[in-house]
Amino acid sequence: MTDAFESVTDVVDKLATHGYIADRRLATTVYLLCRLGKPVLLEGPAGVGKTELAKVLAAATGRRLLRLQCYEGQDESRALYEWDYGKQLLYTQMLREKISEIVADAPDLAAAVERIGDQDSVFFSDRFLSPRPVLEAIRSPEPAVLLIDEIDRADEALEAVLLECLDEYQVSVPEIGTYIAEVPPYVVLTSNNTRDLSAALKRRCLHLFLDYPDAERELEIVRSKHTGLPDALAAQLVGVVRELRGLRLRKSPGISETVDWARALAVLGAEELDAHLLMETVNVVLKYERDLNRALEALPRLVSGGRTAPAEPAHAHAHAQFDHGSPGEEPDGRAVRAAMDRLGRHELGYRLPSSLGVTEPPGHEHHDNGRSGNGAGQGQRAFSAATRRRAR
Ligand SMILES: Nc1ncnc2c1ncn2[C@@H]1O[C@H](COP(=O)(O)OP(=O)(O)O)[C@@H](O)[C@H]1O
Ligand SMILES: [Mg+2]
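Would you mind going over the overall build of the protein chain in detail, with residue names and values included?
Counting its secondary structure elements, the protein chain contains 17 helices and nine strands. Partitioning the intrachain contacts of the protein chain with sequence separation of at least 6 by distance along the chain shows that 73% fall at a separation of at least 24. Just so you have it, the protein chain exposes about 18,800 Å², and 52% of that area is on carbon and sulfur atoms.

Provide a residue-level description of the side chain of Ser198, including the pertinent values.
By the secondary structure assignment, Ser198 is in the loop between β8 (186-191) and α11 (199-203). Residue classification places Ser198 among the buried residues on the basis of a relative accessible area of 3%. A distance of 2.8 Å separates a polar atom in the side chain of Ser198 from a polar atom in the side chain of Glu159.

Describe the pairing of strand β7 (residues 177-180), listing the residues and the values that go with them.
Taken together, the four bridges between strand β6 (residues 170-173) and β7 define a ladder with antiparallel strand orientation. From the neighbouring strand, Gln170 faces β7, where its bridge partner is Ile180. Between β6 and β7, which pair antiparallel and follow one another directly, the connecting turn spans three residues.

Tell me about unusual backbone geometry, residues and numbers included.
Here Tyr169, not a glycine, exhibits a phi torsion of approximately 50°, which is positive. If you trace the backbone, Tyr169 turns up in the loop between α10 (156-168) and β6. For Asn193, which is not a glycine, the phi torsion comes out positive at approximately 70°. Within the secondary structure layout, Asn193 lies in the loop between β8 and α11. We classify Asn193 as buried; its relative accessible area is 9%.

Describe in detail helix α16 (residues 289-303), supporting the description with residues and values.
When the terminal C-alpha atoms of α16 are compared, their 21 Å separation across 15 residues agrees well with the 21 Å that a helix rising 1.5 Å per residue should span. Glu297 marks the point of greatest bend in α16, at about 35°, and the proline Pro300 comes within the next four residues. Residues of α16 that are buried make contact with α13 (231-246) and α15 (275-281).

Explain the sheet that holds strand β9 (residues 206-209) to me, and be specific about the residues and the numbers.
The five strands lie next to each other as β2-β5-β8-β1-β9, forming an open sheet whose pairing is parallel. With one partner strand each, in any of the chains shown, β2 (64-69) and β9 form the two edges of the open sheet. Pairwise comparison of adjacent strand axes, ignoring direction, gives a mean angle of 20° for this sheet. Here strand β5 (residues 144-149) runs beside β8; their pairing, made up of four bridges, is parallel. Bridging from a neighbouring strand, Ile148 pairs with Leu189 of β8.

Could you give me a rundown of the packing of α13 against helix α14 (residues 255-267), with the residues and numbers involved?
The contact between α13 and α14 brings their axes to 10 Å, and the two run at 135°. Put simply, α13 runs oblique to α14. Along this stretch, α13 crosses α14, giving a crossing that reads as right-handed. Along the contact surface, α13 presents Leu237, Val238, Val240, Val241, Leu244 and Arg245, while α14 presents Ile255, Thr258, Trp261, Ala262 and Leu265. For the contact of α13 with α14, the per-class residue count stands at nine nonpolar, one polar and one charged.

Now, about the site of ligand 1: what can you tell me, with residues and values included?
The environment of ligand 1 is formed by 16 residues, the closest being Ile21, Gly47, Lys50, Thr51 and Glu52. Val48 is positioned such that a nitrogen or oxygen atom in its backbone is 3.1 Å from an oxygen atom of ligand 1. Between an oxygen atom of ligand 1 and a side-chain N or O atom of Lys50, the distance comes to 2.8 Å. For ligand 1, whose free accessible area comes to 560 Å², the fraction covered by protein is 84%. Secondary structure elements with two or more residues in the shell around ligand 1: α3 (50-61), α12 (215-224) and α14. With three residues, α3 is the single largest residue contributor to the shell around ligand 1. Residue composition of the shell around ligand 1, grouped by class: seven nonpolar, five polar and four charged.

Account for the nonpolar core, naming residues and giving values.
Counting residues in each nonpolar core, the largest one holds 35 residues, and the members touching the most others are Val134, Leu146, Ile148 and Leu189. Going through the elements one at a time, β2, α9 (133-139), β5, α10, β6, β8 and α11 are the ones with two or more residues in this core. If you tally residues by element for this core, the top one is α10, at six residues. Setting aside anything within four residues of it in sequence, one finds Leu146 in contact with Leu66, Pro133, Val134, Ala137, Cys165, Pro185, Tyr186, Val187 and Val188.

Give a description of the pattern of salt bridges that names residues and reports values.
This structure, assessed with the given rule, holds 16 salt bridges. With a closest N to O distance of 3.0 Å, Lys14 and Asp10 form a salt bridge. Taken together, the residues Lys14 and Asp10, both in helix α1 (residues 8-17) and four residues apart, mark about one turn of the helix. Under the relative-accessibility criterion, Asp10 is labelled buried at 13%. The partner of Asp105 in a salt bridge is Arg115, with the nearest N and O atoms 2.5 Å apart.

Rules of the game
- Residues numbered from 1 in each chain as written.
- Chains lettered and ligands numbered in written order.
- Predicted model: local features only at pLDDT ≥ 70, side-chain atom pairs only at ≥ 80, totals over all residues.
- Heavy atoms only, no water.
- Helix = DSSP H or I, 4+ residues; strand = E, 2+ residues; numbered from the N terminus.
- Contact = heavy atoms within 4.5 Å.
- Areas by Shrake-Rupley, 256 points an atom, 1.4 Å probe, with all protein chains shown as cover.
- Buried < 20%, exposed > 50% of the residue type's maximum accessible area, 1.4 Å probe, protein only.
- Polar contact = N/O pair within 3.5 Å; in protein donor to acceptor, adjacent residues only side chain to side chain.
- Pairing = 2+ DSSP bridges.
- Expected span 1.5 Å × (residues − 1).
- Bend = angle between axes of the 7 residues up to and from the residue.
- Axes fitted to C-alpha atoms, helices over the stretch in contact; angles between N-to-C directions.
- Parallel < 35°, antiparallel > 145°, perpendicular 65-115°, else oblique.
- Left-handed = near helix turned anticlockwise from the far one by under 90°.
- Nonpolar A, V, L, I, M, F, W, Y, C, P; charged D, E, K, R; others polar.
- Near = heavy atom within 4 Å.
- Core = buried A, V, L, I, M, F, W, Y, C linked by side-chain atoms within 4.5 Å.
- Salt bridge = Lys/Arg side-chain N within 4 Å of Asp/Glu carboxyl O.

No statement about biological role is implied by the geometric values presented.
Laid out in structure tokens, this is it:
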């Protein structure tokens, strides 16, 4: 396949054609991802366009998108492949007579088991393999974009499992051999930054911290969504959202929230943005009661000219109190990280509530030993060169 992009500028243009406004830094990373064939790891708060980038990259390059959504406790069978047990069972039932023939003249049970064992390869073959997104991307005859989304939600063991794929664009199935991608997929990993990722994983990726965009780019994004809100009001709204991000909110509004708010205001026929109108509609962007109360308190000040200095998004959460919600709620990555940094995450006995999916066992150490230090079962995936074969 020819190169997807001719230059960094070409990346900016092609992504824009598909509705994604990228700055030079992001576009350069995407360009390198395609030219160097290296996975890219995007870290940053929720709602800054990490997932969207992978989707748009697929659209802009005409590649198929395969997505692995990560979650706590996810095991490798959900990421790489599973054996289709139901199908195996169905085949053995349908082939019962044939199987009886094979063992018919076996002198004893041990010999019968031996003969059945000889047939293993029939049942542990391509035919009975259910590929999950990672293997699917490697085996895909069409070029693919593999999105490994929110990897910080998964356990570190899964990171280890992915290393082989990230390194060499291959997946080993002990019973079959090693699948090697004919066309390496573009791999995009995202993290909301709720925990540190392993150094081994980071080392294999181009890394980019994606933050809230500057006001100009955010306005450009809002414009590109044709919200119907007059430009001057959109610019003002972007300013207000940026101020809100400077409050100590549990969940700061992302870009999609700004767009939603602009749409809501347009539908209401807003002609000017006064505190009253903003207070009436701020629930469009803030979904936690405490956040809402904070915003309601701040909004009159934010629009009355008595503005605080413009918020510095990158540091806005540096002092955020670590405030965990009920199970299943999305933690604000930076608040969690800030708490981690304060406490010193390697201190003995230090734990975060497991409801956040960021439990850290005491005395835990990062393993950074490549494939050999992998999670259960993964060690077996290391194959001798002799058994390797090129997957069909
Ligand atoms: N650079 C961008 N250009 C256009 N739209 C964007 C951009 N960044 C974010 N968005 C919008 O914001 C929404 C949220 O982005 P998303 O990728 O889901 O965030 P994240 O994965 O970082 O949490 C997207 O659906 C998209 O509409
Ligand atoms: Mg996302």
